[in-house]
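Summary of structural features
Listed below are the residues making up each chain.
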Amino acid sequence: MSTSETRTEDHEDHEDHEDHEHPSDQKYMQIALLLAVITAAEVATYFVHIGPALIPTLMVMMVVKFFIVAAWFMHLRFDSKMFTRFFVAGIVLAVSVYFIFLTVFEFWTKG
Amino acid sequence: MSEETTTGLSHNKLAMWVFLGSECLLFGALISTYLLYRNKFYDGPAPGDIFDIPFTSVSSFVLLMSSLTMVLALSALQKGDIRNNRLWLLTTALLGAVFIGGQVYEFTTFIREGLGYTTSPFSSAFFTLTGFHGVHVSLGIVMIMSLLISSYRGKLTKKNTETVEIIGLYWHFVDVVWIIIFTVIYLVPNPTS
Amino acid sequence: MTDTMSEETPTEEQRPLGVYTRPKGGNGWRDWVTTVDHKKIGILYGAAALFFFIIGGIEALLIRLQLATPNGTVLGAEMYNQVFTMHGITMIFLAAMPLAAAFANYLIPLQIGARDVAFPRLNAMSFWVFLAGGIFINLSWLLGGAPDGGWFGYAPNSGIVFSPSVGMDFYAIGLQITGIASLVSAINLTVTILNMRAPGMTLFKMPVFTWMLFVVQLLLVFAMPVIAVALFLLMFSRQFGANFFNTEMGADPLLWQHLFWIFGHPEVYILILPSFGIISEVIPTFSRKPIFGYDFMVFSGIAIGFMGWGVWAHHMFASGIGPLSVAAFSISTMFIAVPTGVKILNWIATMWGGRVKFSAPMLFSVGVISMFTIGGLSGVTHALSPADTQQTDTYYVVAHFHYVIFGGIIFGLFAGLYFWWPKVFGHMLDEKMGKINFWVMLVGFNMTFGPMHVLGLQGMSRRIDTYSPGFGFEAWNMVATIGSFIIALSVLIFLINVVVSVKRAKGQPPCPPDPWDARSLEWITPNPTPEHNFDEIPTVESLDEFWHRKWGTDDEGQIVRVATAEEVCQDGTATGVHLPSPSYWPLIFAIGLPFLGLGLIFNLWLTLPGAILIVVSLYAWIFEPVDDPDGPHGEHHSDKEEVSQEASDV
Ligand code: HEM
Ligand SMILES: [Cu+2]
């Protein structure tokens, strides 16, 4: 391994799986609770009107939930960066390409 | 993992992540198509007329919790606890099935209320997007059931945690997609007719 | 393989589920249909792709016959639509892409020093699924008419209203099937390249060919799902009456175009980068110099891969996407020419001052540089959107893309065929006929497509089945038709060359190692490559590892030979190397898919056998261990490396 990039990866990946600190079941439950609370808040926006802040608020909550599931339940926090890279590549590519796509259709201005 | 690979990562897990990266563009295209057509409801019902937010909230919650049970299943197997592994796998599959049941109910209600697959560009896009997601969930259920079967044949032991982990990745991904769908398709204020 | 299922050698009673008598190694037909060897799969890909290339070529000749004279009557309008559509589909999806897959499959494991790909059975599945898809699309000729909506199948024109025959159903489902093959193979090769490199083979010691194909696999991973969605929308519209393209209900007719070209422009690079990779191996070898600017070569490839996602709407300048979009995409398109230009300069600089030897592979490579440059320049003329408004849908565009597709891709693939033929088959192709092959093809190619620039600028539109006399189209069309038959002659010369060379090689010992004084790792194995690839996995110290083992520098800095090829090359005699066992299931899985397609088009009952084949084969596959417990096992694992090279159990 001579590129520095691969070297660091090797370093972190060669530790055996079992050595990683897996979150405890309790931790998982806490995370699920957090997700449940955010979901409740999301649903609440349907009943309680919060005006123009609605869409930004919903988006933030969505991204937070997404992030939590990916980081904890999908173990990206603890796993190799390579996995994160592929997932992030897919997400970033999808978001940017389809953002342009919708822009060309004048989606944001005409709704 | 058994094999020494250049990166130290297992082939199977890496392949699953590459696949999930690919899936982002699949669902991205379906969601964008839906967004493009959400107010093209022609003569049929509009999304704002027909979505039942409380109902969908419950089924979204069910799917979200199935992610919890899936990690618990993995965690049990990592500890060599076969019994709890089976229990949580079964729970996950059941929660998935409840979600699918909810979707079937939702679809039939919509059809009864006049929103068929061919009613409008909106309806086609809606059913296609949520249908694709539903098919993904169903495949996940089939995979989890297959895990359970091999567990009862004595083949799912601590050695196979990685298999469970990989199927779990798929399962969480499907959940994450629904997190987006729930917000973008259901919760964002929808046009009414 | 320390802890997979196969570790316990099962006794008769406890054989794992799904293990029936497994096919054994050998060379009969059964070994070919059950093989999981990346080399055999590569050869299968190559053979199938050449077969489809000939079919697509015959379709091209029919087009040219129809257009040779005004008011042609060879095909008639409806048949003409089908023939040009099938010509495009066949050439792109069934010839150029799989031929690149052939090289990728055969060479990537060898170039990175691996014994196989990461998922050998999935690899076999990719091939069979591709073949099933290709056959499926072509079945349409017999079952009610071929697709007739052009290779990019614009909806709503390709919808049921304007294209009522079953042709476009075959298109939508058939390309979906070949798409599965591409996606699976792309994931497989991505994992292979990342995970199975020989010791010391860092990413930046990989040959440029492997690098370019790595970029291609990533493009496939992210682009295939986009066309998959487009094809699903089309299929659902046609089969189930969905309204994605129903403009009467307010659907947007540009939806398909956008989705198609979001896939379509990356696809263009999926097609061209393998050829760039091939000539990046050939040119240094025959210039006897290392590639000029390896880093630039790699990074420009990556840059092309990235930028390729931001230019798609240049295919839609005339579709009414609005002035702002036109301007933005026009500019991004001009930028993407830069990394491509970098590559061309690098190849020229590699040849510069080298002791260039113009063998057949080198001739074809120089052909790529020159013809692709012409095509690239005409491409830049349509990046300028006002000019494009004049050129689009005329023969000028047809000329442009054949200069890049035929001049850039097909010439490159031929360079690869001549270059690696001895590696794959253990004998050389005839050099003299190879040169004739090149010159005839070059002349025919320019005669066919050069005049199309003129025809296009004169206003002859693309995709018309005929034209009236008196527009000044007659002479150039006749020249183009004659040219197309000269191309056909050159392909015939290639086939004769193959037959003659195979005959000549019969009974002869295989050709000696390293016929070209080559540079990369695949040549360290004997010709043809033995089943286990490497006797011992080499440890890599530098880029062009193989060359550096043969050549060094003396005290004055002169390059001197330090070892002969015979000394450096392995002799292929290792025994007991552990290889994955063959399997029936990939083939059986693939057979199921066309039934699903036929069922959707004609009668839902037909999906039943398809579904059964698929489900049964998948389950049998999953429970079938990679290694056949009855199969011949290696008596010994010679060293640790061997174990590390084993493939995964999927
Ligand atoms: C013998 C060599 C070839 C000849 C004579 C030839 C001829 C033609 C002609 C005349 C057309 C225009 C049909 C029309 O617009 O009415 C055409 C279209 C096309 N060709 Fe070729 N071609 C050849 C090789 C190739 C190759 C090698 C490829 C790709 C690898 C290719 C890809 C295409 C595509 C994509 C189209 C567009 C089809 C469409 O409009 O939907 N051709 N070809
Ligand atoms: Cu393009």
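Computed from a predicted model, the values in this text were never measured in an experiment. (Residues numbered from 1 in each chain as written. Chains lettered and ligands numbered in written order. Predicted model: local features only at pLDDT ≥ 70, side-chain atom pairs only at ≥ 80, totals over all residues. Heavy atoms only, no water.)

Okay, the overall build of chain C next. If you tally the helices and strands in chain C, you get 19 helices and two strands. Overall, the C-alpha framework of chain C stretches about 75 × 70 × 50 Å when taken along its three principal axes. Here chain C, with 650 residues, has 62% of them falling under the buried criterion. When the accessible surface of chain C is summed, it comes to about 23,500 Å², and 69% of that surface belongs to carbon and sulfur atoms. Taken together, the 30 basic and 48 acidic charged side chains of chain C have centroids lying 7 Å from each other. (Helix = DSSP H or I, 4+ residues; strand = E, 2+ residues; numbered from the N terminus. Buried < 20%, exposed > 50% of the residue type's maximum accessible area, 1.4 Å probe, protein only. Areas by Shrake-Rupley, 256 points an atom, 1.4 Å probe, with all protein chains shown as cover. Lys, Arg positive; Asp, Glu negative; His and termini not counted. Charge placed at Lys NZ, Arg CZ, Asp CG, Glu CD.)

Bringing the coordination of the iron atom of ligand 1 into the picture now. Residues and elements named next belong to chain C. Protein ligation of the iron atom of ligand 1 involves His87 (NE2) and His402 (NE2), the donor distances falling in the range 2.0 to 2.1 Å. For the iron atom of ligand 1, the six donor atoms are set out with angles of 85 to 180° between them, so the coordination reads as octahedral. Highlighted residues: His87 in helix α3 (residues 77-112) and His402 in helix α12 (residues 395-425), separated in sequence by 315 residues. His402 carries the same exposure label as His87, and that label is buried. (Donors = N, O, S within 2.8 Å, 3.2 Å for Na, K, Ca; no water. Tetrahedral: all angles 85-135°; square planar, octahedral: opposite > 155°, others 65-115°.)

With that out of the way, let us pick up the interface of chain A and chain B. Across the contact, 46 residues belong to chain A and 48 residues belong to chain B. When chain A packs against chain B, close to 4,400 Å² is buried across both sides, 78% of that on carbon and sulfur atoms. On the chain A side of the interface with chain B, the three residues burying the most area are A:Met74, A:Phe83 and A:Tyr98, jointly 14% of the side's total. Taken together, chain A and chain B are joined by two salt bridges. Its salt-bridge partner being B:Lys13, residue A:Asp79 comes within 2.7 Å of it at the nearest N-O pair. Across the chain A-chain B interface, the total number found is six residue pairs in polar contact (both at pLDDT 80 or more). (Contact = heavy atoms within 4.5 Å. Buried area = accessible area lost by both parts, 1.4 Å probe. Salt bridge = Lys/Arg side-chain N within 4 Å of Asp/Glu carboxyl O. Polar contact = N/O pair within 3.5 Å; in protein donor to acceptor, adjacent residues only side chain to side chain.)

What follows is about the confidence of the model for chain C. Residues and elements named next belong to chain C. In this model, chain C carries a mean pLDDT of 91, and residues with pLDDT of at least 70 account for 92%. Here residues 1-20 scores under 50 on pLDDT; set against residues more than four positions off or in separate chains, the count is 33 contacts. Across residues 632-650 the pLDDT falls below 50, and counting only partners more than four positions away or on other chains, this stretch makes 58 contacts in the model. The ipTM assigned to the predicted complex is 0.96, against a pTM of 0.92. (pLDDT = per-residue confidence, 0-100.)

Residues and elements named next belong to chain C. As a matter of local geometry, ligand 1 sits amid 25 residues, with Tyr80, His87, Trp151, His402 and Arg463 nearest to it. His87 is positioned with one of its side-chain polar atoms (N or O) 2.9 Å from a nitrogen atom of ligand 1. At 2.7 Å, a side-chain N or O of His402 approaches a nitrogen atom of ligand 1. Secondary-structure elements contributing two or more residues to the shell around ligand 1 are α2 (38-67), α3, α12, α13 (431-458) and α14 (474-505). With seven residues, the top contributor of residues to the shell around ligand 1 is α12. (Near = heavy atom within 4 Å.)

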